[in-house]
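# Understanding the architecture of this molecule
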Amino acid sequence: GQQVMQIPQYQHVQEGEDFTTYCNSSTTLSNIQWYKQRPGGHPVFLIQLVKSGEVKKQKRLTFQFGEAKKNSSLHITATQTTDVGTYFCAVIASNTGKLIFGQGTTLQVKP
Amino acid sequence: GAGVSQSPSNKVTEKGKDVELRCDPISGHTALYWYRQSLGQGLEFLIYFQGNSAPDKSGLPSDRFSAERTGGSVSTLTIQRTQQEDSAVYLCASSFTGGNNQPQHFGDGTRLSIL
């Protein structure tokens, strides 16, 4: 079945440093979604990427979809303590339409 | 409210008991998912309902787990003869399916503790 690999699993940064998480698939994706889960909370939808090479920004967050539509990244510039949480990518399984989540990257930010 | 509602928010029960978890999706959402999340872990897919289609049960970990969705709306996840390893947060999510690119909206989850 379709799988998506997300790296790194954990990342500790000093406040103000940048952070990037990567999501990789062995198959071409129709689209990719990103979610954020705060500690003790539930995942919240951030954004969806559809087009090859697409780049979208939300304030300090930059989302990219690879040219081959097999990978994606989420980059946070100048992290803040409010960025703490786990970031998940999610892709659609082509045969079932089911949304499949990556294992997530947990970000810790030291003030 | 307008969001996904799950009940109970917390459930503590003894090993061997059956539990039933409920999910009220957002009105009009045809897709409904159940996930399990252990402490500090990712989302483990359990089951997926899409409209009137047969559910995708491929993620259910054992035959002690079952789920149904009545009338295309409310869903219940039942765990029979609970074991300590069933302790986790059970999350429900729904999405509006006009295509396969809709965001999922999650409930706050049910935190299940098996003593």
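It should be noted that the structure appears before, not after, this text.
Report follows, based on the coordinates. Everything quoted here is computed from the prediction, not taken from an experiment.

So, how was this worked out
- For every chain, the first residue of the written sequence is number 1, and numbering continues from 1 onward in sequence order.
- Note on labels: chains are lettered from A, ligands numbered from 1, in written order.
- At least 70 in pLDDT is required for a residue's local features to be given in this predicted model, at least 80 for side-chain atom pairs to be given and counted, and no such filter applies to totals for whole chains, interfaces and linings, which use all residues.
- Excluding hydrogens and water, the side-chain values take into account all heavy atoms of the structure.
- Between Lys or Arg on one side and Asp or Glu on the other, a salt bridge is scored when a side-chain nitrogen of the former is within 4 Å of a carboxyl oxygen of the latter.
- A 1.4 Å probe rolled over the protein chains alone gives each residue an accessible area, and that area as a share of the maximum for its type sets the label: buried under 20%, exposed over 50%, partly exposed in between.
- Defined by distance alone, a disulfide is two cysteine sulfur atoms within 2.5 Å.
- For the purposes of this entry, the term helix denotes a DSSP run of H or I that reaches at least four residues, the term strand denotes a run of E that reaches at least two, and both are numbered from the N terminus.

Glancing now at the pattern of salt bridges. Under the criterion given, the structure shown has five salt bridges over all chains. Two residues, Glu 54 of chain A and Lys 56 of chain A, come together in a salt bridge whose shortest N-O distance is 3.6 Å. Residue Lys 56 of chain A is classed as partly exposed on the basis of its relative accessible area of 31%. Taking the shortest distance from any N to any O, the salt bridge between Arg 22 of chain B and Asp 24 of chain B comes out at 2.8 Å.

A few words on the state of the cysteines. Tallied over the entire structure, the rule returns two disulfides over all chains. The disulfide bridge from Cys 23 of chain A ends at Cys 89 of chain A, spanning 1.9 Å between sulfur atoms. Judged by the torsion about the S-S bond (65°), the Cys 23 of chain A/Cys 89 of chain A disulfide is right-handed. With Cys 23 of chain A in strand 3 (residues 19-25) and Cys 89 of chain A in strand 9 (residues 85-92), this pair connects stretches of sequence that are 66 residues apart. Using a relative accessible area of 1% as the deciding quantity, one classes Cys 23 of chain A as buried. Note that Cys 23 of chain B is cross-linked by a disulfide to Cys 92 of chain B, the S-S spacing being 1.9 Å. Taking the torsion about the sulfur-sulfur bond, which here is approximately -65°, the covalent link between Cys 23 of chain B and Cys 92 of chain B counts as left-handed. You can see Cys 23 of chain B sitting in strand 3 (residues 19-24) and its partner Cys 92 of chain B sitting in strand 8 (residues 88-95), a full 69 residues away along the chain.

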